[in-house]
Amino acid sequence: MLELNLDLQMHGLYAGGVSKNMEIPVMAEQSKLKGLDALVTADILHKKWFEHVKKNLVEESNGVYADLKGKCNFIVGGEVEDNRRIHHLFYLPSLESATELREKILGFGNLDCILCGRPKLRLSAEQIAEKVVECGGIFGPAHSFTPYTGIYAFYDSLKGAYGAMHEKLKFIELGLSADSYFADLIKENHSYAFLTSSDAHSPWPNRIGREFNRIKMRKPDFASLKKAIEEKDEKLITLNAGLDPREGKYHATACNSCFAKYRIGKAEALKWRCVKCQGEIKRGVRDRIEMIADFKEETHPEFRPPYLHLLPLAEIIQAAVNSKGVNTRAVQSRWLSLVEKFGNEIFVLVDAKETELREADKEVAEKIIAFRKGFVLYIPGGGGNYGKPIICSSEKEMQEKKKELYRELEGISEEGMQKTLGEY
Ligand SMILES: [Zn+2]
Ligand SMILES: [Zn+2]
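Definitions and limits used
- Residues numbered from 1 in each chain as written.
- Chains lettered and ligands numbered in written order.
- Predicted model: local features only at pLDDT ≥ 70, side-chain atom pairs only at ≥ 80, totals over all residues.
- Heavy atoms only, no water.
- Helix = DSSP H or I, 4+ residues; strand = E, 2+ residues; numbered from the N terminus.
- Rg over C-alpha atoms; globule rule 2.2 N^0.38 Å.
- Buried < 20%, exposed > 50% of the residue type's maximum accessible area, 1.4 Å probe, protein only.
- Contact = heavy atoms within 4.5 Å.
- Areas by Shrake-Rupley, 256 points an atom, 1.4 Å probe, with all protein chains shown as cover.
- Lys, Arg positive; Asp, Glu negative; His and termini not counted.
- Charge placed at Lys NZ, Arg CZ, Asp CG, Glu CD.
- pLDDT = per-residue confidence, 0-100.
- Pairing = 2+ DSSP bridges.
- Axes fitted to C-alpha atoms, helices over the stretch in contact; angles between N-to-C directions.
- Donors = N, O, S within 2.8 Å, 3.2 Å for Na, K, Ca; no water.
- Arc of directions from axis to C-beta.
- Phe/Tyr/Trp six-rings, centres within 6.5 Å; stacked < 30°, edge-to-face > 60°.
- Lys NZ or Arg CZ within 6 Å of the ring centre and 35° of its normal.
- Left-handed = near helix turned anticlockwise from the far one by under 90°.
- Core = buried A, V, L, I, M, F, W, Y, C linked by side-chain atoms within 4.5 Å.

**Thoughts on the overall build of the chain**
Moving on, step 1. A tally of helices and strands in the chain yields 18 helices and 17 strands.
Moving on, step 2. In terms of C-alpha radius of gyration, the chain reaches 21 Å, essentially the compact-globule figure of 22 Å for 424 residues.
Moving on, step 3. Counting across all 424 residues of the chain, residues that qualify as buried make up 57%.
Moving on, step 4. Partitioning the intrachain contacts of the chain with sequence separation of at least 6 by distance along the chain shows that 69% fall at a separation of at least 24.
Moving on, step 5. Accessible area of the chain: about 18400 Å², with a carbon and sulfur share of 49%.
Moving on, step 6. Both charge centroids of the chain, one from 62 positive and one from 62 negative side chains, sit 3 Å from each other.

Structure, rendered in structure tokens:
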């Protein structure tokens with residue numbers, strides 16, 4: 001049995017806002033540096049992208065796909081939007097079954113426009129699920145808690161969303177703004193496997209694999225993925241890894257325009273209008289989950305793997321060397337030398353020994369070790385703005401920063417604290 005790192009949600013260059021570099025050979029090469037063993041083909045229903053994928057993959061054996069240089073395996077799949085704007089993921093056994101699914105949904109939406117990598121379909125969640133299953137595939141909601149396109153933004157329960165197809169639902173994808181702690185506060189989620197994925201729009205290692213799953217598989221193919229998802233009690237999914245939810249763009253309730261953060265009660269009292277700029281206040285994942293949670297404390301089903309919070313290595317190096325961005329020469333050269341020494345980024349972040357890290361790059365090693373020890377604080381994201389991690393070098397520094405940044409860390413701005421007239 002292999003134990004593989006998989007990132008199963010991203011977009012190709014024909015989806016909106018995606019880097020021109022998002023092509024199979026680049027994705028495969030970068031995934032190797034990241035430490036990912038398999039990716040999703042992404043956007044497989046788009047005609048031009050399908051042709052690109054077909055040209056750039058070989059079928060090594062029945063249902064096992066790899067890029068032409070054999071750097072990375074690929075699982076056939078993609079994302080679609082339903083008639084309520086909810087996003088769903090699907091995975092399929094083969095490129096042939098992707099053609100079959102495409103034929104079934106032709107006529108229910110524009111599949112091939114320049115931004116149609118994630119097509120908008122005139123089909124309900126239930127109808128989409130039916131068609132995926134008819135083609136031998138599996139389906140589940142994408143970034144399930146996000147306020148615009150996550151299933152829990154529209155429904156209090158997954159049963160309501162998928163109708164009769166609810167029985168066939170096996171996984172939910174958590175998205176950047178939630179983790180297993182949050183998702184398992186809802187009782188019905190204890191029946192599903194969790195997937196964590198990057199939803200990357202560019203192939204660089206600070207984007208792909210910023211969330212991934214570690215799964216025991218016989219082969220890097222659809223059949224092994226399906227088994228791991230369906231037979232939860234065998235614990236084949238051994239790890240969900242990803243950003244701390246506070247880093248997500250929609251974690252706290254916040255204004256869409258100026259990002260002022262609000263308590264939920266305050267936002268309601270203001271009828272979701274920002275006092276600072278009159279922009280729209282968007283309910284955050286944290287508050288949404290609190291509304292529908294069944295549990296008050298952390299609880300998980302027996303089969304649930306650990307959730308490991310991670311940061312892209314380039315961001316840790318950026319903090320270590322106090323650089324302006326992740327793409328500066330100072331950050332990139334140190335990133336490359338660590339990755340060359342240890343083989344890949346995930347190994348550096350998760351598996352490399354402390355002594356060896358220190359030998360390779362003392363400054364960066366101290367930050368990685370501090371991060372592993374949990375000496376990190378987060379200013380939560382909200383309103384479409386990413387959150388911000390602050391890596392401290394010791395427990396003491398962390399406690400001091402906690403006091404100093406009390407308000408920011410709580411994720412409520414000045415505006416969000418002020419009382420409205422009615423409250424006096
Ligand atoms: Zn989506
Ligand atoms: Zn505002």
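**Let's talk about the confidence of the model for the chain**
Moving on, step 1. Residue-level pLDDT values for the chain average 94, and 98% of them are 70 or greater.
Moving on, step 2. Confidence drops under pLDDT 50 across residues 420–424; counting only partners more than four residues distant or on other chains, this segment forms five contacts.

**As for the sheet that holds strand E8 (residues 138–141)**
Moving on, step 1. Strand order in this open sheet of three strands is E6-E7-E8, and the pairing throughout is antiparallel. With one partner strand each, in any of the chains shown, strand E6 (77–81) and E8 form the two edges of the open sheet. Each neighbouring strand pair of the sheet contributes to a mean axis angle of 25 degrees, computed without reference to strand direction.
Moving on, step 2. When E6 meets strand E7 (residues 87–91), the two strands line up antiparallel, connected through five bridges. Among the inter-strand pairings, Glu81 is bridged to a residue of E7, identified as His87.
Moving on, step 3. Sheet strands in contact with helix H8 (residues 222–230) are E7 and E8, and its direction is about 55 degrees off that of E8.

**A look at the coordination of the zinc ion (ligand 2)**
Moving on, step 1. The protein atoms donating to the zinc ion (ligand 2) are Cys255 (SG), Cys258 (SG), Cys274 (SG) and Cys277 (SG), with metal-donor distances spanning 2.3 to 2.4 Å.
Moving on, step 2. Linear spacing of the donor residues for the zinc ion (ligand 2) on their chain is C-x2-C-x15-C-x2-C. With Cys255 in strand E13 (residues 254–255) and Cys277 in the loop between helix H9 (264–269) and strand E14 (281–282), the pair connects residues that are 22 residues apart, well separated along the chain.

**Points about helix H3 (residues 95–105)**
Moving on, step 1. Regarding H3, the residues found buried are Leu95, Ser97, Ala98, Leu101, Arg102 and Ile105. Along the long axis of H3, the arc covered by the buried residues comes to 150 degrees, so they all point the same way.
Moving on, step 2. Contacts made by the buried residues of H3 are with helix H2 (47–56), strand E4 (64–67), E7 and helix H4 (125–134).
Moving on, step 3. At the exit of H3 stands Gly107, carrying a positive phi of roughly 95 degrees.

**Examining the packing of aromatic side chains**
Moving on, step 1. Tallied over the entire structure, the rule returns seven aromatic pairs.
Moving on, step 2. Each ring, one from Tyr91 and one from Phe171, has its centre 5.8 Å from the other, and the planes form 45 degrees; the classification is tilted. With Tyr91 in strand E7 and Phe171 in strand E9 (residues 171–173), the pair connects residues that are 80 residues apart, well separated along the chain.
Moving on, step 3. By relative accessible area, which is 0% here, Phe171 ends up buried.
Moving on, step 4. Look at Tyr148 and Tyr250: their rings are 5.7 Å apart centre to centre, the planes differ by 75 degrees, and that puts the pair in the edge-to-face class. Of this pair, Tyr148 sits in the loop between E8 and helix H5 (151–154) while Tyr250 sits in the loop between strand E12 (237–242) and E13, placing them 102 residues apart in sequence.
Moving on, step 5. Of note, Lys232 hangs over the ring of Phe303, and the distance from its end group to the ring centre comes to 5.4 Å.

**A few points about the packing of H3 against H4**
Packed helix pairs are characterised by how far apart their axes lie and by the angle those axes make with each other.
Moving on, step 1. Contact pair H3 / H4: the axes reach a minimum separation of 9 Å and the direction vectors enclose 145 degrees. Relative to H4, the crossing made by H3 is right-handed. Contact with H3, carried on its side by Glu100, Leu101, Lys104 and Ile105, involves Lys131, Val132 and Glu134 of H4 and no other residues of that element.

**Some thoughts on the sheet that holds E4**
Moving on, step 1. Taken in spatial order, the eight strands make up an open sheet running E3-E4-E5-E2-E1-E11-E12-E15, and their pairing is mixed. Lying at the two open borders of the sheet, with one neighbouring strand each, are strand E3 (57–61) and strand E15 (307–309). The average angle at which neighbouring strand axes cross in this sheet is 35 degrees, direction not considered.
Moving on, step 2. Relative to strand E2 (residues 38–40), strand E1 (residues 2–7) runs parallel, the two being bridged by two bridges. By the bridge assignment, Asp7 is partnered in E2 with Leu39.

**Describing the coordination of the zinc ion (ligand 1)**
In an ideal octahedron of six donors the angles at the metal are 90 or 180 degrees, and in an ideal tetrahedron of four donors they are 109.5 degrees.
Moving on, step 1. With distances of 2.0 to 2.2 Å, the protein atoms coordinating the zinc ion (ligand 1) are Glu79 (OE), His87 (ND1) and His143 (NE2).
Moving on, step 2. Mapping the donors of the zinc ion (ligand 1) onto the primary sequence yields the spacing E-x7-H-x55-H. Here the residue Glu79 occupies a position in strand E6, and His143 occupies one in the loop between E8 and H5, the gap between them amounting to 64 residues.

**Digging into the nonpolar core**
Moving on, step 1. One finds Met10, Ile44, Phe74, Tyr91, Phe145 and Leu313 to be the most contacted residues of the largest nonpolar core, which totals 123 residues.
Moving on, step 2. Top element by residues in this core is helix H15 (residues 362–372). It accounts for six residues.
Moving on, step 3. Setting aside residues no more than four positions away along its own chain, Phe145 makes contact with Gly150, Tyr152, Leu174, Ala178, Ala183, Ile186, Asn189, Val285 and Ile289.
Moving on, step 4. Counting residues in each nonpolar core, the second largest holds seven residues, with Cys255, Tyr262, Cys274 and Ile281 among its members.

**Focus on the environment of Ser202**
Moving on, step 1. Relative to the helices and strands, Ser202 resides in the loop between strand E10 (193–195) and strand E11 (212–217).
Moving on, step 2. Between the alpha carbons of Ser202 and Leu13 there is a distance of 8.7 Å; along the sequence they are 189 residues apart.
Moving on, step 3. Those residues in contact with Ser202 that lie beyond four places of it in its chain are Ser19, Met22, Arg207 and Ile208.

**Points about H2**
Moving on, step 1. Of the residues making up H2, those classed as buried are Trp49, Phe50, His52, Val53 and Asn56. For H2, the buried positions fall inside an angular range of 160 degrees around the axis, keeping them on one side.
Moving on, step 2. At its buried positions, H2 is contacted by helix H1 (24–34), E3, E4 and H3.

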